[in-house]
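# Structure assessment
Given next are the chains, with one letter for each unit.
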Amino acid sequence: MSASVQTSVEDGIASLRLCRGEQMNSLDADTARAIRDAVEAFAADDAVRVMVLAGEGRVFSAGGDFNWVLSWPELDAITRHAGADAMMGAVQAIYDFPKPSIARVHGAAVGGGIGMMLACDFVVAVSSARFGLTSVRNGLLAAIAIPVLIETVGPRVARQLLMHGGMFDSATAQRLGIVDQVVEDDALDATVAALAQELKLGAPSVQTLIKKLVTRIDAVPHDSSAADILGEHVANQSVTEEALEGMSAFLAKRKPKWAV
């Protein structure tokens, strides 16, 4: 694993920590690819039930590494495109992760940092955290955040945030739906850990199915097409081993095997 990204797995909880504290956990190509590789490894590991994305040092992530991007004028178009693709790929890998994911946010999340944060299913942030899509004020496009930003706040608010480029606090982020829980600094780790444990109570196959279906259903008309897709999955899921175990456990007043 790259020195810029550290990983661990304990009791079903996978930790992916950005370790470029001196660079404000900003992304260059190597770091972005390391994130993608780590997420894909967690996805393939049956021991992993939940992933927590965090940053070391003073902030969660400042987005793209300006020192790296400033070298782009000297590079050919193919190499520049590969660098941009690497950053997009990191966010997409987090979004596509087939299990529950939590962003643990402290300090600040800016630009691509917001992209990584919103690619997670849940965001828990400290009350002192700051947020911003500031790229426009630096002549840049915060492209890696755009898809997940639109999904989170809708196109109108996404345009406003991306065009304005200012910073905002945790209370505003929660009001906009960018942050799910705001806690004091000393409660951050306990809150994230509690949420991770709660998520482990869900059936793994159903959680994976939910992540696939919500995206798919959101893209189709809300008519019989959606009903047909969902009806098929309901029928199929009801006869799986996890469904039979879950119903049997409920009737027997015990925990299902995955929650023990």
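Below is a short write-up of the structure. (Residues numbered from 1 in each chain as written. Predicted model: local features only at pLDDT ≥ 70, side-chain atom pairs only at ≥ 80, totals over all residues. Heavy atoms only, no water.)

## A look at unusual backbone geometry
Its identity is not glycine, yet Asn25 carries a phi of approximately 55°, on the positive side. Within the element layout of this structure, Asn25 appears in the loop between β2 (13–18) and α1 (29–44). On the accessibility criterion, Asn25 (2% relative accessible area) is buried. Although it is not a glycine, Lys253 adopts a positive phi angle of roughly 60°. With respect to the element layout, Lys253 can be found in the segment after α11 (241–252). (Helix = DSSP H or I, 4+ residues; strand = E, 2+ residues; numbered from the N terminus. Buried < 20%, exposed > 50% of the residue type's maximum accessible area, 1.4 Å probe, protein only.)

## Some remarks on the side chain of Gln207
In this structure, Gln207 sits in helix α9 (residues 204–218). When its relative accessible area of 14% is taken as the criterion, Gln207 is described as buried. Residues contacting Gln207, with those up to four places away along its chain left out, are Arg49, Pro98, Pro100, Leu199 and Gly202. (Contact = heavy atoms within 4.5 Å.)

## A short note on helix α8 (residues 188–199)
Taking 1.5 Å of rise per residue, the 12 residues of α8 would be expected to cover 16 Å, and the 17 Å separating its terminal C-alpha atoms lies within 8% of that figure. Considered for burial, the residues of α8 that qualify are Leu188, Thr191, Val192, Leu195, Ala196 and Leu199. Around the axis of α8, the buried residues are gathered within 135° of arc, so they sit on the same side. Among the exposed residues of α8, those oriented more than 90 degrees off its buried face are Ala190 and Glu198. Looking at the packing, one finds that the buried side of α8 touches β2, β3 (50–55), β4 (101–105), β6 (122–126), β9 (181–183) and α9. (Expected span 1.5 Å × (residues − 1). Arc of directions from axis to C-beta.)

## Remarks on the pattern of salt bridges
Pairing between side chains becomes possible if they bear opposite charge and their charged atoms approach one another. For the structure shown, the criterion picks out eight salt bridges. Between Arg36 and Asp37 there is a salt bridge whose closest N-O contact spans 3.1 Å. The class for Arg36 is partly exposed, based on a relative accessible area of 30%. A relative accessible area of 40% means that Asp37 is categorised as partly exposed. We note a salt bridge from Arg104 to Asp189, for which the minimum N-O separation is 2.6 Å. A residue pair is termed long-range when its members are at least 10 positions apart, and Arg104 in strand β4 and Asp189 in helix α8 qualify at 85 residues. Here Asp189 falls in the partly exposed class, since its relative accessible area comes to 49%. One salt-bridge network, in which partners are shared between bridges, spans Arg20, Asp28 and Asp65. (Salt bridge = Lys/Arg side-chain N within 4 Å of Asp/Glu carboxyl O.)

## A few points about helix α5 (residues 146–153)
Turning to α5, its buried residues number three or more, namely Val148, Leu149 and Val153. Around the axis of α5, the buried residues are gathered within 105° of arc, so they sit on the same side. When the buried face of α5 is taken as reference, the exposed residues oriented beyond 90 degrees from it are Pro147 and Glu151. Buried-residue contacts for α5 involve α3 (77–96), α4 (112–119), α6 (155–164) and α7 (170–176).

## Considering the environment of Val105
Topologically, Val105 is positioned in strand β4. The sequence separation of Val105 and Ala54 amounts to 51 residues, and the corresponding C-alpha distance is 6.5 Å. With sequence-adjacent residues up to four places away left out, Val105 is seen in contact with Phe60, Met117, Val123, Val124, Ala125, Val126, Phe131 and Leu188.

## What to know about the sheet that holds β3
Think of a sheet as strands paired side by side through backbone hydrogen bonds, with each pair either parallel or antiparallel. In space, the six strands of this open sheet follow the order β1-β2-β3-β4-β6-β9, with mixed pairing throughout. Strand pairing shows two members of the sheet lacking a second neighbour, β1 (5–10) and β9, which therefore form its edges. Across this sheet, the average inter-strand angle for adjacent strands is 20°, counted without regard to direction. Here six bridges tie β1 to β2, and the two strands are oriented antiparallel to one another. Its bridge partner lying in β2, Val5 is registered against Leu18. (Pairing = 2+ DSSP bridges. Axes fitted to C-alpha atoms, helices over the stretch in contact; angles between N-to-C directions.)

## Focus: a nonpolar patch on the surface
A cluster of nonpolar side chains, namely Phe66, Leu70 and Leu140, defines an oily patch on the protein surface of about 310 Å² accessible area. Looking at where Leu70 falls in the secondary structure, it is placed in the loop between α2 (66–69) and α3. Here Leu70 falls in the exposed class, since its relative accessible area comes to 64%. (Patch = residues over 30% accessible without salt bridge, like charges linked within 9 Å, V, L, I, M, F, W, Y side chains within 5 Å. Areas by Shrake-Rupley, 256 points an atom, 1.4 Å probe, with all protein chains shown as cover.)

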